[in-house]
Amino acid sequence: MSHLHEPQALLPRNAVMALLDEAMVEVALAKVNAGRDVDREVVAVDMHLSFMKSAQGPLVATAQVVGGGKTMCFCEAQLRNAQAELVAQAMGTYRAQVR
């Protein structure tokens with residue numbers, strides 16, 4: 001899953017966190033709802049974030065599920081700039097629950 005951010009201004013840290021969280025939520029939702037009749041939502045249990053560079057220019061967030069079980073989902077996400085340099089990365093744990 002990818003998200004794109006294009007403004008030339010520096011992106012604040014809380015916006016970087018929100019982009020990475022949203023990317024992880026989307027892949028976690030896809031995993032916990034695969035093959036289910038009733039959609040579930042996910043709530044963040046834990047999130048760790050590391051900043052490598054200032055977040056400026058076109059940015060792309062990608063995320064993937066790296067583990068989990070029936071109710072817990074472990075994800076990682078990366079935010080890269082136009083030169084494909086790593087700007088920030090996150091690890092998150094999400095719990096599935098019925099809406």
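Let me sum up the structure you'll find in this document. (Residues numbered from 1 in each chain as written. Predicted model: local features only at pLDDT ≥ 70, side-chain atom pairs only at ≥ 80, totals over all residues. Heavy atoms only, no water.)

1. Focus on unusual backbone geometry
Note on backbone geometry: most residues besides glycine have negative phi, and most peptide bonds are trans.
And step 1. One non-glycine residue, Ala-84, lies in the positive phi region at around 65 degrees.
And step 2. Of note, Ala-84 is situated in the loop between strand E4 (72-81) and strand E5 (86-98). (Helix = DSSP H or I, 4+ residues; strand = E, 2+ residues; numbered from the N terminus.)

2. Some points on the environment of Val-60
And step 1. For Val-60, the location among the structural elements is in strand E3 (residues 59-68).
And step 2. Taking the C-alpha atoms as reference, Val-60 lies 6.5 Å from Asn-81; in sequence the two are 21 residues apart.

3. What to know about the nonpolar core
Soluble, globular proteins show a tendency: their nonpolar side chains are buried together.
And step 1. Residues Val-16, Leu-20, Met-24, Val-42, Cys-75, Leu-79 and Tyr-94 are the most contacted members of the largest nonpolar core, which totals 24 residues.
And step 2. Taken together, the elements giving at least two residues each to this core come down to helix H1 (13-33), E3, E4 and E5.
And step 3. Examining the composition of this core, we find that nine residues originate from one element, H1, more than from any other.
And step 4. If we skip the residues at most four places from it in the chain, Leu-20 touches Met-47, Leu-49, Ala-61, Ala-77, Gln-78, Leu-79, Ala-88, Gln-89 and Ala-90. (Core = buried A, V, L, I, M, F, W, Y, C linked by side-chain atoms within 4.5 Å. Buried < 20%, exposed > 50% of the residue type's maximum accessible area, 1.4 Å probe, protein only. Contact = heavy atoms within 4.5 Å.)

4. Quick notes on H1
And step 1. The end-to-end C-alpha separation of H1 is 30 Å, in line with the 30 Å expected for 21 residues at 1.5 Å each.
And step 2. All buried positions along H1 are accounted for by Val-16, Leu-19, Leu-20, Ala-23, Met-24, Val-25, Val-27, Ala-28, Val-32 and Asn-33. (Expected span 1.5 Å × (residues − 1).)

5. What about the state of the cysteines?
And step 1. Taken as a whole and judged by the stated rule, the model has zero disulfides.
And step 2. Here Cys-75 is not disulfide-linked; the sulfur of Cys-73 is the nearest cysteine sulfur, at 3.9 Å.
And step 3. Look at Cys-75 and you get buried, because its relative accessible area is 2%. (Disulfide = S-S within 2.5 Å.)

6. Points about the environment of Leu-20
And step 1. Its location among the elements puts Leu-20 in helix H1.
And step 2. The class for Leu-20 is buried, based on a relative accessible area of 0%.

7. What to know about the pairing of E3
Within a regular beta strand, the side chains point alternately toward one face of the sheet and then the other, so they alternate between its two faces.
And step 1. Bridge count between E3 and E4: nine bridges; the pairing is antiparallel. By the bridge assignment, Ala-63 is partnered in E4 with Ala-77.
And step 2. Following E3, the chain reverses through three residues before pairing antiparallel with E4. (Pairing = 2+ DSSP bridges.)

Any link to function would need more than the numbers given here.
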